[in-house]
Amino acid sequence: MALTSQERTDLKRIGREIRETIVDVTGWSGGAHIGGSLSMTEIVTILYWKYLRIDPKNPKWEDRDRFVLSKGHGGVGHGVVLCKRGFFDFKHLEEYNHTDSMLGMHLDSKKVPGVEVSTGSMGHGLGEAVGLALGARVLKKDWRVYCVIGDGESNEGSIWEAAMAAAHYKLSHLIGFLDRNRMMIDGPTEEVMSLEPVADKWKAFGWNTRVVDGHDLDALADAIEAAQAHTGSPTMIVCNTVKGKGVKFMEDDPAWHYGGLNSELVQKAKASIAEM
Amino acid sequence: MPESGLTWTVYDADKMTQREIYGAVLADLGDKHPEIVGLSADLAKSTKIGTFGDKFPDRFFNFGIAEQNMFAVAAGLAKAGLTPFVSTFSAFASMRACEFVRTDVCYQNLNVKIIATHGGTSFGSGGATHHATEDLSIVRAFPNMKLVVPADAIETAHAVIACMRTPGPVYVRIGRGFEPRVYEKTEYDFEIGRAVEMKPGRDITVIATGVTVFHAVQAAKILEADDKLSVRVINMHTIKPIDRDAIMKALTETRRIITVEDHNYIGGLGAAVAEVIAESGKGCAFQRVGIPDCFISHGYPEDLMNLYGIDTDGIVAKVRDVMGREFETDEDWEDEV
């Protein structure tokens with residue numbers, strides 16, 4: 001089912017608000033992984049507001065869907081999403097990065113309601129997502145596992161170990177998203193370590209693979225619903241995205257993988273987001 | 001059935017390796033604990049977790065030769081509410097998958113039980129690529145981890161059962177096979193974190209772990225007969241959390257301690273005991289015995305243990321050395337301060 005126009009309008013608005021808050025938190029916290037949080041905004045927005053079976057008031061609800069942010073440095077984006085979705089109070093965003101506060105650069109599953117898995121080191125989350133999906137099978141539960149991986153992260157061998165295992169065990173209730181923003185810390189992915197043809201790689205590893213514009217909510221909705229209906233293999237949705245999406249002076253610039261913003265840049269970034 | 005739930009006896013264990021009894025006990029536990037799942041990385045046969053897998057094929061997962069992913073998946077399964085037992089060689093559990101054990105399992109304090117086989121020199125012919133003489137040192141540094149090195153087959157059975165009543169991650173390090181029997185009785189007071197006194201003694205204490213416990217007991221008998229020494233032998237089957245009370249009692253009562261381990265003498269049992277002694281502020285003649293910080297040769301495990309002085313002969317020689325050593329008592333310090 002395609003998005004209704006009301007859903008599309010709402011999701012766009014929520015996405016804008018998330019981006020604005022990411023900018024705010026980056027400003028007041030002294031610095032954050034902003035580029036990769038902005039590139040995945042539509043992916044996590046549509047999951048958390050439309051597709052994930054969750055209850056923010058009962059984050060440990062046994063039958064919930066599991067979301068794993070394998071690219072754990074998107075912690076600021078994930079934290080903003082969880083807060084806006086009602087998992088915790090806004091004050092925690094204000095204390096982002098403070099010593100011993102709830103939210104830091106990489107979210108801790110023991111501290112943050114709604115975070116299933118502590119990630120941050122690259123190449124761990126997808127394997128843990130495979131474990132959560134196998135766990136559903138052993139326990140005869142019908143929860144789905146959604147996992148967002150990064151393209152730089154895809155250099156890690158463990159991603160492909162997990163890819164093999166998920167296909168081997170035919171985990172069709174595991175739906176992956178590759179945030180293909182084409183940038184990593186040291187530059188464009190194809191200059192640092194070539195990934196292409198990345199969609200073919202996922203196909204060759206036995207995954208049901210689809211390539212979409214990762215900022216197109218309708219395309220994401222179609223891909224997710226097709227993945228939910230698919231059986232026999234896991235799905236990887238390769239989402240072509242723009243690092244720093246929505247903030248013109250950050251877009252496609254690897255310098256904004258991680259950065260800080262003074263009040264002037266916060267205003268400039270928000271003005272840019274308002275034009276989206 | 002005894003309180004421990006153990007259906008195997010020392011007489012059964014006599015005919016089994018540590019690996020074999022591990023597989024058998026885990027298969028038994030699987031009946032009572034539907035939450036147990038088994039994970040292997042192409043070593044189901046070698047580690048004997050395959051015994052569980054044969055009985056519970058729907059709760060057993062092989063990941064091929066991909067240890068990192070195996071531990072990540074174990075973390076996910078534990079997050080789902082299951083209790084994964086994960087088996088591979090000690091070298092791969094502690095080193096190939098090191099960060100996955102630390103970050104996925106220990107950081108999140110998950111209920112993952114690692115039964116690491118082929119520890120120490122036990123994979124003799126495998127050579128340095130397959131020897132695990134650093135694993136205790138590496139794993140000991142991980143917060144939340146408990147570290148157990150059973151002395152023989154029946155103790156392995158107790159340790160595997162104890163895993164189920166011990167929340168959080170546990171690393172149980174066992175051998176490749178032919179671990180000599182240490183215990184005469186099936187039932188004894190096994191508790192993770194509490195050492196077992198194998199033999200009382202007044203003159204010196206040998207604190208051993210794993211397969212070296214057998215050799216420590218043999219050495220103590222020789223030293224009693226030939227040297228008229230009263231040698232206490234402690235089986236420190238748990239290296240973390242270490243049994244401080246047993247160490248302090250030995251320190252106070254015998255004032256001479258040696259530690260013996262099938263592991264580099266850096267970072268493992270010897271280091272854990274040394275830390276307790278040093279922090280106590282009490283003087284003591286002390287010697288660590290282990291692999292002397294080198295990559296050891298390939299060979300039969302018995303030969304290697306002899307070559308590197310961690311068997312009966314080596315312990316006898318080291319006890320004689322330490323008995324002849326002077327150390328400053330508390331009173332001596334008064335003059336120098």
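Starting from 1, residues in each chain are numbered consecutively following that chain's sequence as written. Each chain takes a letter, starting from A, and each ligand takes a number, starting from 1, following the order in which they are written. It should be noted that, the model being predicted, local features are given only for residues of pLDDT at least 70 and side-chain atom pairs only at 80 or more, the latter also being counted only at that level, while totals for whole chains, interfaces and linings use all residues.

Once C-beta atoms are placed from the backbone, any two residues with those atoms within 7 Å are in contact. Each partner contributes to the interface: chain A provides 23 residues, whereas chain B provides 24 residues. Where the side of chain A that touches chain B is concerned, the elements lending two or more residues are helix H6 (125-139) and helix H7 (157-168) of chain A. In DSSP terms, a helix is any run of H or I states spanning at least four residues, a strand is any run of E spanning at least two, and both are numbered starting from the N terminus. If you tally residues by element for the side of chain A that touches chain B, the top one is H6(A), at 11 residues. Each residue gets one label: Ala, Val, Leu, Ile, Met, Phe, Trp, Tyr, Cys and Pro are nonpolar, Asp, Glu, Lys and Arg are charged, and the others, such as Gly, are polar. Looking at the side of chain A that touches chain B residue by residue, the class counts come to 11 nonpolar, 8 polar and 4 charged.

Time to look at the domain arrangement of chain B. As a measure of interface size, the accessible area lost when the parts come together is often cited. All names here are of chain B. Where each domain begins and ends follows an automated or database-derived domain assignment. Domain annotation for chain B reports domain 1 (10-173) and domain 2 (196-324). Each of domain 1 and domain 2 was reduced to a C-alpha centroid, and the two centroids are 26 Å apart. With 25 residues of domain 1 at the contact, the number on the domain 2 side is 28 residues. For the side of domain 1 that touches domain 2, the secondary structure elements donating two or more residues are helix H8 (135-140) and strand S5 (146-148). Split by residue class, the side of domain 1 that touches domain 2 holds 8 nonpolar, 11 polar and 6 charged.

Residue and element names in this part refer to chain B. End to end, helix H14 (residues 312-323) covers 16 Å across 12 residues, agreeing with the expected 16 Å (1.5 Å per residue, within 8%). Burial is judged by counting the other C-beta atoms within 10 Å of a residue's own C-beta: 20 or more makes it buried, 12 or fewer makes it exposed, and any count in between marks it as partly exposed, with every C-beta position built from the backbone. Residues of H14 that are buried: Ile315, Val316, Lys318 and Val319. For H14, the elements touching its buried residues are strand S8 (204-208), helix H10 (212-227), strand S9 (231-235), strand S11 (256-264) and strand S12 (285-291). A helix's residues, less one, multiplied by 1.5 Å, set its expected span.

Here we come to the sheet that holds strand S6 (residues 170-173) of chain B. Residues and elements named next belong to chain B. At least two DSSP bridges between two strands are required for those strands to pair. Read across the open sheet, the 7 strands follow the order S2-S1-S3-S4-S6-S5-S10; overall the sheet is mixed. The open sheet is flanked by strand S2 (60-62) and strand S10 (238-240), the only strands paired with a single partner. Pairs of neighbouring strands in the sheet enclose a mean axial angle of 20°, with direction left out of account. Two strands pair when backbone bridges link them, and strand S4 (residues 113-117) and S6 are joined in this way by 4 bridges, in the parallel orientation. The residue bridging Ala116 from the neighbouring strand is Arg173, located in S6. Between N-to-C directions, angles span 0 to 180 degrees; the directions come from axes that are lines fitted to C-alpha atoms, helices contributing only their stretch in contact.

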